[in-house]
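# Observations on the three-dimensional arrangement
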Amino acid sequence: MLYIVPTPIGNLQDITLRALEVLKKVDLILAEDTRTTIKLLNHYQVIRPLSPFHQHNEHQVLQHLVNQLLEGKTIALVSDAGTPAISDPGFLLVRECIKVGVKVECLPGATAFVPALVNSGLPANRFVFEGFLPQKKGRQTMFKKLADEDRTMIFYESPHRLVRTLEDMIQYFGAERACCVSRELTKLYEENARGSLQEVRDHFKKKEVKGEIVLVVAGREGKPGRQVEDRQEEGEEA
């Protein structure tokens, strides 16, 4: 049995009781970064064997893991944060398990793009999740294609590329397209900056951007949102 186990995206209390139950009983836990996962396991006093499983080794260890599963072992796959296989390693293992008849069970739980979409204030009845944009090859082609997308679009982005991505979107989508940047969701310094692409770009151009980023952009018919909001908890970083 392979369990896909979502982990908190920031606040450790966001793990489910069922997820903890599974983690405590499996034969092995596969982690994207064992240094990150061990903090969660220690917090909840989960003592199980831990092994790395990430984009740099998943092809090499795939067959070995499948063989263990076929022998009857139970394995839980976690990522650093959120649901595995959503812009994280996991797809290859799930696909191979299904192919050879190993049972796969995915637990419901945390993922960053859902709360970002809901609190953006943009239409959530129809949306498309694009994950991380290409950094070089295919980037312009992707923007040209998405310029005509009429559903709300959701992206993951790194802090040091955020301003560049907003500037590219201004070029291809127009400066007045509504958007929301959610940063550090569920954490102490959570921030949701809403407004037009131009307003939000100007906001982040003035500051050092840190943390995990989810970018939500209105579809083609989107109207400008409210002015940029920068509501941060008392004591937040400058």
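Residues numbered from 1 in each chain as written. Predicted model: local features only at pLDDT ≥ 70, side-chain atom pairs only at ≥ 80, totals over all residues. Heavy atoms only, no water.

Turning our eyes to something else, we now look at the packing of helix α3 (residues 58-70) against helix α4 (residues 91-100). Where α3 meets α4, the axes come as close as 10 Å, and the angle between the chain directions of the two elements is 40 degrees. Classified by the angle their axes make, α3 and α4 are oblique. With respect to the hand of their crossing, α3 and α4 are arranged in right-handed fashion. In this structure, α3 contributes Glu-58, His-59, Leu-62, Gln-63, Leu-65, Val-66, Leu-69 and Leu-70 to the contact, and α4 contributes Leu-92, Leu-93, Glu-96, Cys-97 and Val-100. (Axes fitted to C-alpha atoms, helices over the stretch in contact; angles between N-to-C directions. Helix = DSSP H or I, 4+ residues; strand = E, 2+ residues; numbered from the N terminus. Parallel < 35°, antiparallel > 145°, perpendicular 65-115°, else oblique. Left-handed = near helix turned anticlockwise from the far one by under 90°. Contact = heavy atoms within 4.5 Å.)

What follows is about helix α1 (residues 17-25). Given 3.6 residues per helical turn, the α-helix brings residues three or four places apart onto the same face. Three or more residues of α1 are buried, namely Ala-19, Leu-20, Val-22 and Leu-23. All buried residues of α1 lie within an arc of 160 degrees about the axis, which places them on one face of the element. Opposite its buried face, α1 presents the exposed residues Leu-17 and Glu-21, each directed more than 90 degrees away. Contact partners of the buried residues in α1: β1 (2-4), β2 (28-31), α2 (34-43) and β4 (75-78). (Buried < 20%, exposed > 50% of the residue type's maximum accessible area, 1.4 Å probe, protein only. Arc of directions from axis to C-beta.)

Enumeration according to the criterion identifies 0 disulfides in this entry. This cysteine, Cys-179, is not joined by any disulfide, and Cys-180 carries the nearest cysteine sulfur, 7.2 Å off. The exposure class assigned to Cys-179 is buried, which follows from its relative accessible area of 3%. By relative accessible area, Cys-180 is classed as buried at 0%. (Disulfide = S-S within 2.5 Å.)

Let us look at the packing of aromatic side chains. Across all of its chains, the model carries 6 aromatic pairs by this definition. Taking 6.4 Å as the distance between ring centres and 55 degrees as the angle between the ring planes, the aromatic pair formed by Phe-113 and Phe-127 counts as tilted. Residue Phe-113 is located in helix α5 (residues 113-120), and its partner Phe-127 is located in strand β6 (residues 127-132); the two are separated by 14 residues in the primary sequence. Taking relative accessible area as the criterion, Phe-127 reaches 35% and is therefore assigned partly exposed. Measuring from ring centre to ring centre gives 5.5 Å for Phe-143 and Tyr-172, while their planes differ by 10 degrees; the resulting arrangement is stacked. On the criterion of sequence distance, the pair formed by Phe-143 in helix α6 (residues 139-146) and Tyr-172 in helix α7 (residues 162-173) is long-range, its members being 29 residues apart. On the basis of relative accessibility, which here comes to 0%, the residue Phe-143 falls in the buried class. The structure contains a cluster of three or more aromatic residues connected by ring pairs, namely Phe-113, Phe-127, Phe-129, Phe-132 and Tyr-156. (Phe/Tyr/Trp six-rings, centres within 6.5 Å; stacked < 30°, edge-to-face > 60°.)

Secondary-structure assignment places Arg-139 in helix α6. Arg-139 sits in the buried class, given a relative accessible area of 4%. Engagement of the side chain of Arg-139 in a polar contact is seen with the backbone oxygen of Pro-134, the distance being 2.9 Å. Discounting residues that sit within four places of it in the chain, Arg-139 has contacts with Leu-133, Pro-134, Arg-164, Thr-165 and Asp-168. (Polar contact = N/O pair within 3.5 Å; in protein donor to acceptor, adjacent residues only side chain to side chain.)

The next point concerns the pairing of β2. With burial as the criterion, each face of β2 is covered, one bearing Leu-28 and Leu-30 and the other bearing Ile-29 and Ala-31. Of the strand pairs in this sheet, β2 and β4 are connected by 4 bridges, and their pairing is parallel. Across the sheet, Leu-30 pairs through a bridge with Leu-77, a residue of β4. As paired strands, β2 and strand β3 (residues 50-52) are joined by 3 bridges and run parallel to one another. Bridge pairing in β3 places Leu-30 opposite Ser-51. (Pairing = 2+ DSSP bridges.)

All right, on to the sheet that holds β2 then. Strand order in this open sheet of 5 strands is β3-β2-β4-β1-β5, and the pairing throughout is parallel. Each edge of the sheet is formed by a strand with only one pairing partner; in this case those strands are β3 and β5 (104-106). With strand direction ignored, the average angle separating the axes of adjacent strands in the sheet is 25 degrees. Packing against the sheet, α1 makes contact with β1, β2, β4 and β5, and its axis sits at approximately 130 degrees to β4. The strands touched by α2 within the sheet are β2, β3 and β4, with β3 carrying the most contacts at an inclination of about 155 degrees.

With that settled, consider the environment of Met-142. Looking at where Met-142 falls in the secondary structure, it is placed in helix α6. We classify Met-142 as partly exposed; its relative accessible area is 23%. In contact with Met-142, other than residues within four places in its own chain, are Glu-130, Leu-133 and Pro-134.

Geometric values such as these leave the question of function open.
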